[in-house]
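The lines below spell out each chain.
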Amino acid sequence: MKVLVVGDGARENALAKSLSSHKVFALSSYINPGIKEVVDSTQGEYFLGEITPEEVRKIISRINPDMGVIGPEDPLFRGVSDEFRKEGIPVFGASKKNARIAVS
């Protein structure tokens with residue numbers, strides 16, 4: 001199973017480690033050494049870039065993940081999880097509409 005983890009903090013590091021029995025891919029705005037270690041050990045790929053729906057769409061198109069996991073709230077506010085759903089890919093993360101309740 002291929003899993004795309006979105007985010008670059010400690011939460012995403014823990015999520016990546018918990019998913020390490022699968023092939024882990026990651027999208028972050030900077031390299032998190034813990035996530036990188038998991039990605040490398042599972043023979044995934046680490047993508048650096050702005051965490052936007054457009055960037056996620058490109059990566060989904062490239063790697064065709066089986067599942068997505070979004071850690072931080074900001075990408076949810078931008079609608080990143082909606083890109084997975086548009087492609088029929090299960091994702092852990094609220095839709096843009098539902099994430100609005102957490103916006104301060």
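The following paragraphs examine the structure supplied in this document. Just so it is clear, the model here is predicted, and its values are computed rather than measured. (Residues numbered from 1 in each chain as written. Predicted model: local features only at pLDDT ≥ 70, side-chain atom pairs only at ≥ 80, totals over all residues. Heavy atoms only, no water.)

### Brief notes about the pairing of strand β4 (residues 67-70)
No. 1: Of the two faces of β4, the one carrying Met 67 and Val 69 and the one carrying Gly 68 and Ile 70 are both buried.
No. 2: Strand direction decides the pairing type here: strand β1 (residues 2-6) and β4, joined by 4 bridges, are parallel. Looking at the pairing, Val 6 lines up with Ile 70 of β4. (Buried < 20%, exposed > 50% of the residue type's maximum accessible area, 1.4 Å probe, protein only. Helix = DSSP H or I, 4+ residues; strand = E, 2+ residues; numbered from the N terminus. Pairing = 2+ DSSP bridges.)

### Overview of the environment of Gly 88
No. 1: Its location among the elements puts Gly 88 in the loop between α5 (80-86) and β5 (91-92).
No. 2: In this structure, the C-alpha to C-alpha distance between Gly 88 and Met 67, residues 21 residues apart in sequence, is 9.5 Å.

### Notes on the packing of helix α1 (residues 10-18) against helix α2 (residues 33-41)
No. 1: Between α1 and α2, whose axes approach to 8 Å, the crossing angle comes to 20°. As far as their axial angle goes, α2 and α1 are roughly parallel. The way α1 lies across α2 gives a crossing that is left-handed. Here Glu 12, Asn 13, Ala 16 and Lys 17 of α1 come into contact with α2, specifically with Gly 34, Ile 35 and Val 38. (Axes fitted to C-alpha atoms, helices over the stretch in contact; angles between N-to-C directions. Parallel < 35°, antiparallel > 145°, perpendicular 65-115°, else oblique. Left-handed = near helix turned anticlockwise from the far one by under 90°. Contact = heavy atoms within 4.5 Å.)

### Looking at the sheet that holds β4
No. 1: The 5 strands lie next to each other as β3-β2-β1-β4-β5, forming an open sheet whose pairing is parallel. What marks the edges here is a single partner per strand, and that holds for β3 (46-48) and β5.
No. 2: Relative to strand β2 (residues 23-28), β1 runs parallel, the two being bridged by 5 bridges. Bridged to Lys 2 within β2 is Lys 23.
No. 3: The sheet strands contacting α2 are β2 and β3, and the helix crosses β2 at an angle near 145°.

### What to know about α1
No. 1: Three or more residues of α1 are buried, namely Glu 12, Asn 13 and Ala 16. For α1, the buried positions fall inside an angular range of 105° around the axis, keeping them on one side. Among the exposed residues of α1, those pointing more than 90 degrees away from its buried face are Ala 10 and Ser 18.
No. 2: If you follow the buried residues of α1, they end up packed against β1, β2 and α2. (Arc of directions from axis to C-beta.)

### Description of the nonpolar core
No. 1: Counting 17 residues, the largest nonpolar core has Leu 4, Ile 70 and Phe 84 as its most contacted members.
No. 2: Looking at this core, the elements that each hand over two or more residues are β1, β2, α3 (53-63) and α5.
No. 3: In terms of residue count, α3 provides more of this core than any other element does, 4 residues in total.
No. 4: Core analysis: the next-biggest nonpolar cluster, separate from the first, contains 12 residues, Val 3, Ala 26, Val 39 and Tyr 46 among them. (Core = buried A, V, L, I, M, F, W, Y, C linked by side-chain atoms within 4.5 Å.)

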